[in-house]
Amino acid sequence: MTTALWIVGAYLLGSIPTGLLLGKLYGIDVRSEGSGNIGATNLYRTVGRKVGIWTLLGDCLKGFLPVMLAWQLGLGEPLQAAIGLAAFCGHVFSIFLLFKGGKGVATALGVYLALAPLAVLGALLVFVLLVAVWRYISLGSIVAAAVMPLIIFLRPHSNELLLATVLISTLVIIKHHANISRLLSGTESKFKA
């Protein structure tokens, strides 16, 4: 019963649509602006830098807080991984948005900052290098997501953490399907600082 409560609680926290709520504070429904996504990149482009950063932090905290709380209470890595996966799924399949949501990059970042902070450094390095060279946030996100299971595999890990990482990475890549099409066709928007 306690495990189920953790999973449901993490999912509900992850379901809070940070970007949508922040956009509405500025009188904008981001689902009908820019890319239509509720994530930080679209908020950055449509509402402004400050709101984009707040969205990034809010979405990241949705993944970080439940996993960190579970760790502080002494719950094992397998349950922490399940809690992180639940929070991530809440963001991607939000109950408050009829099971639609964001692409999950920032929430996944929060999960990994709590579960495997050193592994984040490797994925972050990949992300920063790709964005610095090609200026595509989506490309950096996709490739960083793809390498994260390998990074986790190469360090001490539970099977549950590796499985959760593979599922999160797969969903991040799938949620970027439109970006992948635009990258291949050369029509993807570049990041402007």
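Residues numbered from 1 in each chain as written. Predicted model: local features only at pLDDT ≥ 70, side-chain atom pairs only at ≥ 80, totals over all residues. Heavy atoms only, no water.

A. The arrangement of the environment of G39 in detail. In this structure, G39 sits in the loop between α2 (18-25) and α3 (40-46). Looking at G39, the relative accessible area reads 10%, which means it is buried. For the pair G39 and I173, spaced 134 residues apart in the sequence, the C-alpha separation amounts to 15 Å. (Helix = DSSP H or I, 4+ residues; strand = E, 2+ residues; numbered from the N terminus. Buried < 20%, exposed > 50% of the residue type's maximum accessible area, 1.4 Å probe, protein only.)

B. Inspection of the nonpolar core at higher detail. Membership of the largest hydrophobic core comes to 32 residues, with the highest contact counts inside it found for V67, I83, F88, Y112, M148, I152 and I168. Elements that contribute at least two residues to this core include exactly α1 (2-15), α4 (49-72), α5 (77-92), α6 (105-115), α7 (117-134), α8 (137-153) and α9 (159-175). Here this core takes 8 residues from α5, the largest share from any one element. Of all hydrophobic cores here, the second largest spans 7 residues; its members include L20, V30, I38 and L43. (Core = buried A, V, L, I, M, F, W, Y, C linked by side-chain atoms within 4.5 Å.)

C. Just the environment of E77, in detail. Examined against the element boundaries, E77 turns out to sit in helix α5. Taking the C-alpha atoms as reference points, E77 and V67, separated by 10 residues in sequence, lie 9.3 Å from one another. In this structure, E77 is in contact with L115, R155, H157, S158 and L161, ignoring residues within four places of it in sequence. (Contact = heavy atoms within 4.5 Å.)

D. View of a nonpolar patch on the surface. Residues V8, L12, I16, L21, F93, I95, F96 and F99 make up a contiguous nonpolar surface patch of about 710 Å² in total accessible area. The residue L21 is located in helix α2 in this model. Residue class for L21 comes out partly exposed when judged on its relative accessible area of 46%. (Patch = residues over 30% accessible without salt bridge, like charges linked within 9 Å, V, L, I, M, F, W, Y side chains within 5 Å. Areas by Shrake-Rupley, 256 points an atom, 1.4 Å probe, with all protein chains shown as cover. Salt bridge = Lys/Arg side-chain N within 4 Å of Asp/Glu carboxyl O.)

E. Structural view of the packing of α5 against α9. Closest axis-to-axis distance for the α5/α9 pair is 8 Å, and the angle between their directions is 15 degrees. By the criterion of interaxial angle, the relationship of α5 to α9 is roughly parallel. Regarding α5 and α9, the two cross each other, and that crossing is left-handed. Residues E77, P78, A81, L85, F88, C89 and V92 of α5 form the contact with α9, whose participating residues are E160, L161, A164, L167, I168, L171, V172 and K175. Split into classes, the residues belonging to the contact of α5 with α9 amount to 12 nonpolar, no polar and 3 charged. (Axes fitted to C-alpha atoms, helices over the stretch in contact; angles between N-to-C directions. Parallel < 35°, antiparallel > 145°, perpendicular 65-115°, else oblique. Left-handed = near helix turned anticlockwise from the far one by under 90°. Nonpolar A, V, L, I, M, F, W, Y, C, P; charged D, E, K, R; others polar.)

F. Structural detail: the layout of surface pockets. Here the largest pocket defines a volume of roughly 1,000 Å³. Forming the boundary of the largest pocket are 44 residues, of which T41, V105, F127, I137 and S141 lie nearest the centre. For the lining of the largest pocket, the secondary structure elements donating two or more residues are α3, α4, α6, α7, α8, α9 and α10 (177-185). Taken as a whole, the second largest pocket encloses approximately 180 Å³ of empty space. Forming the boundary of the second largest pocket are S35, G36, N37, G101, K103, K175, H177, A178, N179 and R182. With 4 residues, the single largest contributor to the lining of the second largest pocket is α10. (1 Å grid on protein atoms, 1.4 Å probe; cavity = no way out; pocket = protein on both sides within 12 Å on 5 of 7 lines; lining within 4 Å. Points joined across faces, edges and corners; volume = space filled by probe spheres on them.)

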